[in-house]
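What follows is the residue order along each chain.
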Amino acid sequence: FKHIQEGMDAALKRCKLSYFDVVYAHRFDDVTPIEQQVRAFNKLINDGKVFYYGTSMWPPSKIIEAYWIAKINNLIPPIVEQCQYSMLER
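Conventions and cut-offs
Residues numbered from 1 in each chain as written. Predicted model: local features only at pLDDT ≥ 70, side-chain atom pairs only at ≥ 80, totals over all residues. Heavy atoms only, no water. Pairing = 2+ DSSP bridges. Helix = DSSP H or I, 4+ residues; strand = E, 2+ residues; numbered from the N terminus. Contact = heavy atoms within 4.5 Å. Axes fitted to C-alpha atoms, helices over the stretch in contact; angles between N-to-C directions. Buried < 20%, exposed > 50% of the residue type's maximum accessible area, 1.4 Å probe, protein only. Phe/Tyr/Trp six-rings, centres within 6.5 Å; stacked < 30°, edge-to-face > 60°.

Student: How should I be thinking about the sheet that holds strand β2 (residues 50–56) in this particular structure?
Tutor: Backbone-to-backbone hydrogen bonds pair the strands of a sheet. The strands run either parallel or antiparallel. Read across the open sheet, the 3 strands follow the order β1-β2-β3; overall the sheet is parallel. Bordering the open sheet on either side are β1 (20–26) and β3 (81–82), each of which pairs with just one other strand. Bridge count between β2 and β3: 2 bridges; the pairing is parallel. Paired with T55 across the two strands is E81, which belongs to β3. Sheet strands in contact with helix α2 (residues 34–46) are β1 and β2, and its direction is about 155° off that of β2.

Quick look at the structure:
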């Protein structure tokens, strides 16, 4: 959580904002447990630093897992997925 918190604080400062509407977890982190990631983003929401969070380029199975972890633990699940968009990858 520490790295997500520090990164968010630095981004808010750079952008001279008090919050972001949406923040993305870019590329799946297979080292950090999904529940820890979900809890970290929920803390940012509860702290008023973001309104929503989503994923970017996560495997579908991991998005589903994050969703159910959030639901089972009464947390907020990711609300959006940003898939890869590239003219070269079509």
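Student: Explain unusual backbone geometry to me, please; I cannot follow it from the model alone.
Tutor: Apart from glycine, the bulk of residues carry a negative phi angle, and the bulk of peptide bonds sit in the trans form. With a phi angle near 65°, M57 is a residue other than glycine that sits in the positive phi range. Among the secondary structure elements, M57 is positioned in the loop between β2 and α3 (60–72). The partly exposed category is assigned to M57, whose relative accessible area is 29%. Positive phi, normally seen in glycine, also occurs at N74, with a value near 60°. Note that N74 resides in the loop between α3 and β3.

Student: Got a minute to help me understand the packing of aromatic side chains in this structure?
Tutor: The tally for this structure, following the rule as stated, stands at 4 aromatic pairs. Judged by centre distance (5.0 Å) and plane angle (5°), the rings of F41 and Y53 are stacked. Residue F41 is found in helix α2, and its partner Y53 is found in strand β2; the two are separated by 12 residues along the sequence. Judged by its relative accessible area of 3%, Y53 falls in the buried class.

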